[in-house]
Amino acid sequence: MDTLVAQLQRQFRDYTISLYHQGFLDDQFTELKKLQDECSPDFVAEVVSLFFEDCEKLIGNMARALDQTGNVDFNLVGSSVHQLKGSSSSVGAKRVKGLCITFKECCDSQNFEGCVRCLQQVDIEYKSLKAKLQDLFNLEQQIVQAGGRIPQVDI
């Protein structure tokens, strides 16, 4: 049992570090993790889940707005991009936030092709991050179910 817990904890540490090194997460995610405690063990998973729900809604809104060929409201798209940038920044979603900066520039210059390309990239990055964080949360659950504690990971 202790060997399993140690192995899962090592996996958790390595995986967490890789998410930072690959640029998926930044220090804001670390700050978010610090707010989690025994009284709210699922705090980060709940906040991240709300973030992903928000992502889906905003990406859908942007896709519909960009689907209005010849009549695109770039201000509306830019507003959604701004919201997504703020949300991604608050949870430490570094790649998504970075793409939003470029996306907003495309909106400001009314670059339709650039906006479509950025929307596709944001959608891919958000889905990739969602899968990776789900794997991380699954590892946390396995550690707890095996009787261990989630290790503190210093980046």
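Residues numbered from 1 in each chain as written. Predicted model: local features only at pLDDT ≥ 70, side-chain atom pairs only at ≥ 80, totals over all residues. Heavy atoms only, no water.

Remarks on the overall build of the protein
The condition that has to hold: We count a stretch as a helix when DSSP gives it H or I for four or more residues in a row; a strand needs E for two or more, and each element gets its number in order from the N terminus. Partly exposed describes any residue whose relative accessible area lies between the buried limit of under 20% and the exposed limit of over 50%, with all areas from a 1.4 Å probe on protein chains only and scaled to the type maximum. Should any heavy atoms of two residues lie within 4.5 Å, those residues are counted as being in contact. Charge counting follows a simple rule: Lys and Arg are positive, Asp and Glu are negative, and His as well as the terminal groups are ignored. Every charge is mapped onto a representative atom, which is NZ of Lys, CZ of Arg, CG of Asp or CD of Glu.
Across its full length, the protein carries six helices and zero strands. When its C-alpha atoms are laid out on the principal axes, the protein stretches across 60 × 30 × 20 Å. Residues classed as buried in the protein amount to 39% of the 155 residues present. The long-range fraction of contacts in the protein, counting pairs at least 24 apart against all pairs at least 6 apart in sequence, stands at 68%. Taken as two groups, the 16 positive and 22 negative side-chain charges of the protein have centres that lie 3 Å from each other.

Overview of the UniProt feature "modified residue: Phosphohistidine" (unreviewed entry) in the protein
Here is the rule: UniProt positions are given in the numbering used here, feature names are shortened, and annotations may be inferred rather than shown by experiment.
Look at the UniProt record and you will see "modified residue: Phosphohistidine" (unreviewed entry) annotated at H82. Structurally, H82 can be placed in helix 4 (residues 74–91).

Concerning the packing of aromatic side chains
Here is the rule we go by: A pair of aromatic rings is counted whenever rings of Phe, Tyr or Trp (Trp by its six-membered ring) have centres within 6.5 Å, and the orientation is called stacked for planes under 30 degrees apart, edge-to-face for over 60 and tilted otherwise.
Scanning all chains against the criterion turns up two aromatic pairs. Ring geometry for F52 versus Y126: centroids 5.8 Å apart, planes at 45 degrees, classification tilted. You can see F52 sitting in helix 3 (residues 43–66) and its partner Y126 sitting in helix 6 (residues 112–145), a full 74 residues away along the chain. The exposure classification of F52 matches that of Y126, with both residues buried.

Remarks on the layout of surface pockets
Here is the rule: Space inside and on the surface of the protein is sampled on a 1 Å grid over the protein atoms alone, with a cavity defined as a set of points where a 1.4 Å probe fits but cannot get out and a pocket as an open set with protein on both sides within 12 Å along at least 5 of 7 lines; lining residues have an atom within 4 Å of a point. Grid points are joined across faces, edges and corners, and a volume is the space filled by probe spheres set on the points.
What the largest pocket holds in volume is close to 860 Å³. Lining the largest pocket we find 31 residues, and of these K33, Q36, P41, E140 and I150 sit closest to its centre. Put simply, the parts of the chain that give the lining of the largest pocket at least two residues each are helix 1 (2–21), helix 2 (27–34), helix 3 and helix 6. When residues of the lining of the largest pocket are assigned to their parent elements, the largest contribution, eight residues, is made by helix 6.

So, the side chain of D26
Definition in use: Side-chain atoms alone can form a polar contact between residues adjacent in sequence; in general such a contact is a pair of N or O atoms within 3.5 Å, and within protein one must be able to donate a hydrogen while the other accepts it.
By secondary structure assignment, the location of D26 is in the loop between helix 1 and helix 2. Classification of D26 as buried rests on a relative accessible area of 16%. In this structure the side chain of D26 is engaged in a polar contact, spanning 3.0 Å, whose partner is the backbone nitrogen of Q28. Ignoring any residue separated from it by four or fewer positions in sequence, one finds D26 in contact with Y20, G92, K94 and K97.

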